[in-house]
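These are the residues of each chain, in order.
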Amino acid sequence: MIRFFQFLIAIALLGIVGYFVMQIEFEAESEQPKYQFLIAKYRPESEEYRNLYLHYSSLESIPMPVGSWEAFSSPSRHFILKINEGGGFVLAVNPNANDDSEAAVTGILNITGQAFKAHHLAGSAKKIIPKSGHIVVKQYSPKEIQVIHPQSLEVIIFSKI
């Protein structure tokens, strides 16, 4: 009988200690946002970029820029874009132009006026293209494409290679 009471006391003590440990864990979790990784992965379009897309998508349609294109948006950011006749594309993004940390996103481009809408995105560089898939082409020529970066709104100049 004494062993039974010792067992009940041990269970009660473990329950009390477990309760306080769980409270400390719960308080530590509540300080950080629960979905921090997902928020960082998918950046929403700014209102200004959305308005730019609506403006450029209403302009005269441009041809699909088939071929391989290369751009340096700054000394440390390197982009390579390859597009086939059907609109399938591969966009390789190297955030540090001299190392091996390259990431790529693939999908299908549809031309809407002087802009693209990317569908069926797959790859680790999805954060470059907004979740809506809108890509604004500021200016197009057979040898050069100027694309507006969705987050920084800087102009990225792709040259045909």
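Participant: Kindly report on empty space enclosed by the protein, identifying the contributing residues and their values.
Facilitator: All told, the structure shown has one cavity of 30 Å³ or more when counted by the stated rule. Around the largest cavity, the lining comprises 17 residues; the ones closest to its centre are Leu 91, Ile 129, Ile 135, Val 147 and Phe 158. Those elements that place two or more of their residues in the lining of the largest cavity are β2 (77-83), β3 (88-94), β7 (144-148) and β8 (155-160). In terms of residue count, β7 provides more of the lining of the largest cavity than any other element does, three residues in total.

Participant: So what about the sheet that holds strand β1 (residues 67-74)? Which residues, and what values?
Facilitator: Spatially, eight strands are ordered β1-β2-β3-β4-β5-β6-β7-β8 in a closed barrel, and the strand pairing comes out antiparallel. The average undirected angle you get between the axes of adjacent strands in this sheet is 30°. One ladder, built from seven bridges, connects strand β4 (residues 103-112) with strand β5 (residues 115-123); its direction is antiparallel. Residue pairing for β5: Val 105 is matched across the bridge by Gly 123. Running at roughly 50° to strand β6 (residues 134-141), helix α3 (residues 47-57) makes contact with β4, β5, β6 and β7 of the sheet.

Participant: Please provide a residue-by-residue account of a nonpolar patch on the surface, values included.
Facilitator: On the surface, Met 1, Phe 4, Phe 5, Phe 7, Leu 8 and Ile 11 cluster together into a nonpolar patch covering about 680 Å² of accessible area. With respect to the helices and strands, the residue Phe 5 is situated in helix α1 (residues 2-31).

Participant: An account of the pairing of β3 is needed here, citing residue identities and associated values.
Facilitator: Across the seven residues that make up β3, a large majority, six, are buried. Relative to β3, β2 runs antiparallel, the two sharing six bridges. Opposite Ile 83, over in β3, you have Phe 89 as the bridge partner. Following β2, the chain reverses through four residues before pairing antiparallel with β3; Gly 87 in that reversal takes a positive phi of roughly 95°. When β3 meets β4, the two strands line up antiparallel, connected through six bridges. Bridge pairing links Val 90 to Thr 106 in β4.

Participant: A description of α3 should follow, citing residues and the corresponding values.
Facilitator: Burial in α3 covers these residues: Tyr 49, Tyr 53 and Tyr 56. Mapping the buried residues of α3 onto a view down its axis gives an arc of 75°, with all of them on the same face. Looking at α3, the residues exposed on the side facing more than 90 degrees away from the buried face are Glu 47, Glu 48 and Leu 54. Looking at the packing, one finds that the buried side of α3 touches β4, β5, β6 and β7.

Participant: Requested: an account of the packing of aromatic side chains, with residues and values cited.
Facilitator: Each aromatic ring pair is described using two quantities: the centre-to-centre distance and the angle formed by the ring planes. Tallied over the full model, the rule gives three aromatic pairs. Judged by centre distance (5.5 Å) and plane angle (75°), the ring pair of Tyr 19 and Phe 20 falls under edge-to-face. For Phe 20, a relative accessible area of 51% puts it in the exposed group.

Participant: Which residues make up the nonpolar core, and what are the values?
Facilitator: Phe 79, Phe 89, Leu 91 and Phe 158 are the most contacted members of the largest nonpolar core, which has 23 residues in total. Put simply, the parts of the chain that give this core at least two residues each are β1, β2, β3, β4, β5, β6, β7 and β8. Apart from the residues within four sequence positions on either side, Leu 91 is in contact with Phe 79, Ile 80, Leu 81, Ala 103, Ala 104, Val 105, Ile 128, Ile 129 and Phe 158. In this structure, Tyr 49, Tyr 53, Ala 115 and Ile 148 belong to the second largest nonpolar core, which totals six residues.

Participant: Can you lay out unusual backbone geometry for me, pointing to particular residues and giving the numbers?
Facilitator: In this model, His 120 sits at a positive phi of 55°, which is unusual for a non-glycine residue. Summarising the element assignment, His 120 is placed in strand β5. Note on His 120: relative accessible area 66%, which makes it exposed. With a phi close to 60°, Leu 153 is a non-glycine residue in the positive phi region. Among the secondary structure elements, Leu 153 is positioned in the loop between β7 and β8.

About the cut-offs
- Residues numbered from 1 in each chain as written.
- Predicted model: local features only at pLDDT ≥ 70, side-chain atom pairs only at ≥ 80, totals over all residues.
- Heavy atoms only, no water.
- 1 Å grid on protein atoms, 1.4 Å probe; cavity = no way out; pocket = protein on both sides within 12 Å on 5 of 7 lines; lining within 4 Å.
- Points joined across faces, edges and corners; volume = space filled by probe spheres on them.
- Helix = DSSP H or I, 4+ residues; strand = E, 2+ residues; numbered from the N terminus.
- Pairing = 2+ DSSP bridges.
- Axes fitted to C-alpha atoms, helices over the stretch in contact; angles between N-to-C directions.
- Contact = heavy atoms within 4.5 Å.
- Patch = residues over 30% accessible without salt bridge, like charges linked within 9 Å, V, L, I, M, F, W, Y side chains within 5 Å.
- Areas by Shrake-Rupley, 256 points an atom, 1.4 Å probe, with all protein chains shown as cover.
- Salt bridge = Lys/Arg side-chain N within 4 Å of Asp/Glu carboxyl O.
- Buried < 20%, exposed > 50% of the residue type's maximum accessible area, 1.4 Å probe, protein only.
- Arc of directions from axis to C-beta.
- Phe/Tyr/Trp six-rings, centres within 6.5 Å; stacked < 30°, edge-to-face > 60°.
- Core = buried A, V, L, I, M, F, W, Y, C linked by side-chain atoms within 4.5 Å.

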